[in-house]
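# Overview (structure and organization)
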Amino acid sequence: MQIINKYFKNLTPKQTEQFSKLQELYQDWNLKINVVSRKDIDELYLRHVLHSLGIAKVAQFKPGSKVMDVGTGGGFPGIPLAILFPETQFHLVDSIGKKIKVVDEVVAGLGLENVKTTNSRVEEVKDTYDFIVSRAVAQMETFVGWTKGKIAKKQNHDLKNGILYLKGGDLTEELKLYTSATIYDLTDYFDEDFFETKKVVHLGMKYK
């Protein structure tokens, strides 16, 4: 939990309590349904929670905005972001039912009221969002195809509506189709070695 306080100093008591509960909730549920690797569960705050919050260093979601987390798995990056932005609505989507079951239990355990979940493929979701977030569930071109038509046209943020994608490694080849993409190195925000190759990619949607 210290690592979260190191980079996010203005948490409310409620947020601090919610972040503190994550370890116990995930350890408990992971014994029943494995959604986080055994190695990662010991490094939950570094590898999952803080990594998810890298998006918050790039975008400050406004109250009333809508964010969809595609392929949320065990609830990352959606759940940490939902704790940090309690007045933003988060929709966590995954095609694997047992993962959504864990997410539902963690959301209930934290008392989060700004999260809804759907067990389906993202193509079946019929809504639009200010931002779509994810942690490297597919190549960018595939991901853009999945989320086509799901980004709201009305702009409410300084950052253009679009995709905020947590990725690692060399993205030159993958992003060559997307000349407007902005890459943010997480080493600019976090000191830990884990973030050495980790990035947030922002791909704003263009409308004709």
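Residues numbered from 1 in each chain as written. Predicted model: local features only at pLDDT ≥ 70, side-chain atom pairs only at ≥ 80, totals over all residues. Heavy atoms only, no water.

## Some remarks on the overall build of the protein chain
- In terms of regular secondary structure, the protein chain is built from seven helices and seven strands.
- When the elements of the protein chain are put in sequence order from the N terminus, they spell out α-α-α-α-β-α-β-α-β-β-α-β-β-β.
- For 208 residues, the compact-globule estimate of 2.2 N^0.38 gives 17 Å, and the C-alpha radius of gyration of the protein chain, at 16 Å, lies within 12% of that figure.
- By its C-alpha atoms, the protein chain is 45 × 35 × 30 Å across when sized along the principal axes. (Helix = DSSP H or I, 4+ residues; strand = E, 2+ residues; numbered from the N terminus. Rg over C-alpha atoms; globule rule 2.2 N^0.38 Å.)

## Observations regarding the layout of surface pockets
- Its volume calculated, the largest pocket comes out at about 360 Å³.
- Residue lining of the largest pocket: 20 residues in total, with Gly71, Thr72, Gly73, Asp94 and Val137 positioned closest to the centre.
- Tallied by class, the residues present in the lining of the largest pocket amount to eight nonpolar, seven polar and five charged.
- Empty space within the second largest pocket amounts to approximately 290 Å³.
- Taken together, 15 residues form the lining of the second largest pocket, with Val144, Leu203, Gly204, Met205 and Lys206 sitting closest to its centre.
- Each residue belonging to the lining of the second largest pocket can be placed in one class, and the counts come to seven nonpolar, five polar and three charged. (1 Å grid on protein atoms, 1.4 Å probe; cavity = no way out; pocket = protein on both sides within 12 Å on 5 of 7 lines; lining within 4 Å. Points joined across faces, edges and corners; volume = space filled by probe spheres on them. Nonpolar A, V, L, I, M, F, W, Y, C, P; charged D, E, K, R; others polar.)

## Digging into the pattern of salt bridges
- Taken as a whole, this structure holds ten salt bridges when the rule is applied.
- Residue lysine 176 pairs with glutamate 173 through a salt bridge whose shortest N-O separation is 2.6 Å. Both residues of the pair, lysine 176 and glutamate 173, count as exposed.
- One salt-bridge network, in which partners are shared between bridges, spans Lys6, Asp191 and Glu192. (Salt bridge = Lys/Arg side-chain N within 4 Å of Asp/Glu carboxyl O. Buried < 20%, exposed > 50% of the residue type's maximum accessible area, 1.4 Å probe, protein only.)

## Describing the pairing of strand E4 (residues 131-135)
- E4 sits mainly inside the fold: four of its five residues count as buried.
- In this structure, strand E1 (residues 66-70) lies alongside E4, joined through three bridges in parallel fashion. In the strand pairing of E4, methionine 68 is matched with isoleucine 132.
- In terms of strand pairing, E4 meets strand E5 (residues 162-168) through five bridges, oriented parallel. Bridge assignment links isoleucine 132 to a residue of E5, and that residue is isoleucine 163.
- On the question of chirality, the crossover connecting E4 to the parallel E5 by way of helix H7 (residues 140-146) is right-handed. (Pairing = 2+ DSSP bridges. Right-handed = clockwise from strand over helix to strand, strands pointing away.)

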